[in-house]
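Spelled out, the chains give:
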Amino acid sequence: ADDTGGELFFKRALEADPNDTDTLCNYALLLTNVQKEHKRAADMFEGALKNDPAHVRALCGYGMLLQNVNKDYVGAKALYGRALQKDPKHIPSTINLAVLYR
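Just so it is clear, the structure is predicted and the values come from calculations on it, not from any experiment.

S.K.: Hey, could you run me through the overall build of the chain in this one?
M.R.: Per the secondary structure count, the chain includes six helices and zero strands. Seen in sequence order, the chain has helices and strands lined up from the N terminus as α-α-α-α-α-α. Against the globule reference of 13 Å for 102 residues, the chain gives a C-alpha radius of gyration of 13 Å, in line with a compact fold. Over its C-alpha atoms, taken along the principal directions, the chain stretches across nearly 40 × 25 × 20 Å.

S.K.: It is not clear to me how the packing of helix H2 (residues 21-33) against helix H3 (residues 38-51) should be interpreted in this structure. Could you clarify?
M.R.: To characterise two packed helices, one gives the angle between the axes of the helices and the distance between these axes. As a packed pair, H2 and H3 sit with axes 8 Å apart at the nearest point and diverge in direction by 160°. The angle between H2 and H3 falls in the class roughly antiparallel. For the pair H2 and H3, the sense of crossing is left-handed. Note on element contacts: H3 touches H2 through His38, Arg40, Ala41, Met44, Phe45, Gly47, Ala48 and Asn51, opposite Thr21, Leu24, Cys25, Tyr27, Ala28, Leu29, Leu31 and Thr32.

S.K.: Can you walk me through the environment of Leu30 in this structure?
M.R.: Structurally, Leu30 can be placed in helix H2. For Leu30, a relative accessible area of 9% puts it in the buried group. Sequence spacing of Leu30 and Phe45 is 15 residues, and the spatial spacing of their C-alpha atoms is 11 Å.

S.K.: Please explain the pattern of salt bridges as it appears in this structure.
M.R.: Two side chains carrying opposite charge are able to pair once their charged atoms lie near each other. Under the defined criterion, the tally for this structure stands at five salt bridges. Residue Glu7 pairs with Lys11 through a salt bridge whose shortest N-O separation is 3.8 Å. In this pair, Glu7 and Lys11 are both assigned in helix H1 (residues 4-16), four residues apart and thus about one turn of the helix distant. Classification of Lys11 as partly exposed rests on a relative accessible area of 41%. Bridged by salt links that share partners, the residues Glu7, Lys11, Glu37 and Arg40 form one connected network.

S.K.: Help me understand the packing of aromatic side chains in this model?
M.R.: The relation between two aromatic rings is expressed through the spacing of the ring centres and the mutual angle of the planes. Enumeration over the complete set of coordinates arrives at three aromatic pairs. Each ring, one from Phe10 and one from Tyr27, has its centre 5.4 Å from the other, and the planes form 10°; the classification is stacked. Separated by 17 residues along the polypeptide, Phe10 in helix H1 and Tyr27 in helix H2 bring together distant segments of the chain. Relative accessible area serves as the criterion here: at 2%, Tyr27 is assigned to the buried category. Between Phe45 and Tyr62, the aromatic rings sit 5.6 Å apart at their centres with planes inclined by 20°, giving stacked as the arrangement. With Phe45 in helix H3 and Tyr62 in helix H4 (residues 56-70), this pair connects stretches of sequence that are 17 residues apart. The residues Phe45 and Tyr62 share a single accessibility class, namely buried. An aromatic cluster of three or more residues is present, and its members are Phe9, Phe10 and Tyr27.

Thresholds applied
For every chain, the first residue of the written sequence is number 1, and numbering continues from 1 onward in sequence order. Residue-level local features of this predicted model are given only where pLDDT is at least 70; pairs of side-chain atoms are given and counted only at 80 or more, and the full residue set underlies all totals for whole chains, interfaces and linings. By convention in this description, side-chain values take in all heavy atoms of the structure and omit both hydrogens and water. Per the convention used, a helix needs a DSSP run of H or I reaching at least four residues, while a strand needs a run of E reaching at least two, with both numbered from the N terminus. Both definitions apply: the radius of gyration is a C-alpha atom measure, and the globule rule equals 2.2 Å times residues to the power 0.38. Whenever a helix is involved, its axis is fitted only over the stretch in contact; in every case the axis is a line through C-alpha atoms, and angles between N-to-C directions fall within 0 to 180 degrees. Note on terminology: angles under 35 degrees are roughly parallel, angles over 145 are roughly antiparallel, angles of 65 to 115 are roughly perpendicular, and the others are oblique. For any pair of crossing helices, the crossing counts as left-handed if the nearer helix is rotated counterclockwise from the farther one by less than a right angle, and right-handed if it is rotated clockwise. What makes two residues a contact is simply this: any of their non-hydrogen atoms within 4.5 Å. Burial here depends on accessible area, computed with a 1.4 Å probe over protein chains only, as a share of the maximum for the residue type. Under 20% is buried, over 50% is exposed, and the range in between is partly exposed. Throughout this description, the term salt bridge denotes a Lys or Arg side-chain nitrogen within 4 Å of a carboxyl oxygen of Asp or Glu. Each pair of aromatic rings taken from Phe, Tyr and Trp, with Trp reduced to its six-membered ring, is defined by centres within 6.5 Å and is described as stacked if the planes are under 30 degrees apart, edge-to-face if over 60, and tilted in the remaining cases.

Put into structure tokens, the structure is as follows:
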């Protein structure tokens, strides 16, 4: 799938502010879920977490990428744990962590 309109939006937003954590996180989600460009998505998640190491959505999204694509369950578990330290009621991180334990 190709969502060039969405990608163009994120590229423009990052030109305006290359360190915007929410933009990096959302762009990573587009790359992961729509375009299946997992290496680029990982780079975006890492950039988001470099800017804000406790960004819950980035931690959870990157955890999902590690879990579902890379089969890196240890890394995913660590990221979900960090997300839940910041926000113990974050439902997606709770569910994804539970999936790892089944």
